[in-house]
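Next come the chains, spelled out residue by residue.
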Amino acid sequence: LDRLQQRIIDISGKPPIAMARHVWHGIDLHEVDGSTRREQPARLDGMRVGTILGVGRPGSVRSQAEESGATVAWDLPVKDHQVYDRDLLSRVARMEPVDAVMMTRKDWVKVHALGGAGAIGRPVVVPDLAMEFTRDFGLEEALQKIGQIK
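First, a word on what this report is: a plain description of the structure on this page. (Residues numbered from 1 in each chain as written. Predicted model: local features only at pLDDT ≥ 70, side-chain atom pairs only at ≥ 80, totals over all residues. Heavy atoms only, no water.)

**Focus on unusual backbone geometry**
Logical step 1: The phi angle at histidine 81 is positive, at roughly 65 degrees, despite the residue not being glycine.
Logical step 2: Inspection of the secondary structure assignment puts histidine 81 in the loop between strand E4 (71–75) and helix H3 (86–93). (Helix = DSSP H or I, 4+ residues; strand = E, 2+ residues; numbered from the N terminus.)

Okay, structure coming up:
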């Protein structure tokens, strides 16, 4: 964290006003039959999942899945902003059987357009991400000043 703070200072000439991290407020479980339900991340406890994570830092999503009790059985590496097509979904359908396939909402939107969980024959888990501020270095003060601007 200290290196990150120093890098922010080096680039901007100012210290950061806050530090934050992604947290999971829940997971959306998309079933093969097209139904969806909201669950708590603890629902992953004991589940074997495969991951398809078209994000810049897929390791952080995998780590959070494991912290929630999931076992990551396989990972199908894809690029950030991956283009999804039926060939890719067919590949996923042929992967080792798992309880669910985990992907980000950004990936789910693309998969859903191609038939969703039914297209891969497995439930799909999509974490619901939110930002949690872990340290405040003046963010509250900055927001108060913005509120005073007319």
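**Quick word on the sheet that holds strand E2 (residues 36–39)**
Logical step 1: One open sheet accounts for six strands, arranged E2-E1-E6-E5-E3-E4; its pairing is mixed. For this open sheet the edge positions go to E2 and E4, each flanked by a neighbour on one side alone. Going across the sheet, the axis of each strand differs from the next one's by a mean of 35 degrees, ignoring polarity.
Logical step 2: Bridging between strand E3 (residues 48–51) and E4 involves four bridges; their strand directions are parallel. Its bridge partner being in E4, threonine 51 is matched across the sheet by aspartate 75.
Logical step 3: Sheet strands in contact with helix H4 (residues 105–113) are strand E1 (18–30), E2 and strand E6 (124–136), and its direction is about 155 degrees off that of E6. (Pairing = 2+ DSSP bridges. Axes fitted to C-alpha atoms, helices over the stretch in contact; angles between N-to-C directions. Contact = heavy atoms within 4.5 Å.)

**Regarding H3**
Logical step 1: Taken together, the buried positions of H3 are Leu88, Leu89 and Val92. Taken down its axis, H3 places every buried residue within 95 degrees of arc, on the same side. Seen from the buried face of H3, the exposed residues on the opposite side, beyond 90 degrees, are Arg86 and Asp87.
Logical step 2: Check the buried side of H3 and you find it contacts E4, strand E5 (100–102), H4 and helix H5 (116–120).
Logical step 3: Residue aspartate 85 occupies the N-cap position of H3, its side-chain oxygen lying 3.2 Å from the main-chain nitrogen of aspartate 87. (Buried < 20%, exposed > 50% of the residue type's maximum accessible area, 1.4 Å probe, protein only. Arc of directions from axis to C-beta. Polar contact = N/O pair within 3.5 Å; in protein donor to acceptor, adjacent residues only side chain to side chain.)

**A word on the pattern of salt bridges**
Pairs can form between side chains of opposite charge once their charged atoms are near each other.
Logical step 1: In this structure the tally under the stated criterion is nine salt bridges.
Logical step 2: Where arginine 38 meets aspartate 28, a salt bridge forms, and the shortest distance between an N and an O atom there is 2.6 Å. Of this pair, arginine 38 sits in strand E2 while aspartate 28 sits in strand E1; the two residues are ten residues apart in sequence, bridging distant segments of the chain.
Logical step 3: According to the relative accessible area criterion, arginine 38 is partly exposed, its value standing at 44%.
Logical step 4: A residue is classified by how much of its surface remains accessible, and aspartate 28, at 10% relative accessible area, is buried.
Logical step 5: In this structure, aspartate 28 and arginine 105 form a salt bridge, with 3.0 Å as the shortest nitrogen-oxygen distance. Here aspartate 28, found in strand E1, pairs with arginine 105, found in helix H4; they are 77 residues apart in sequence, far enough to count as distant. (Salt bridge = Lys/Arg side-chain N within 4 Å of Asp/Glu carboxyl O.)

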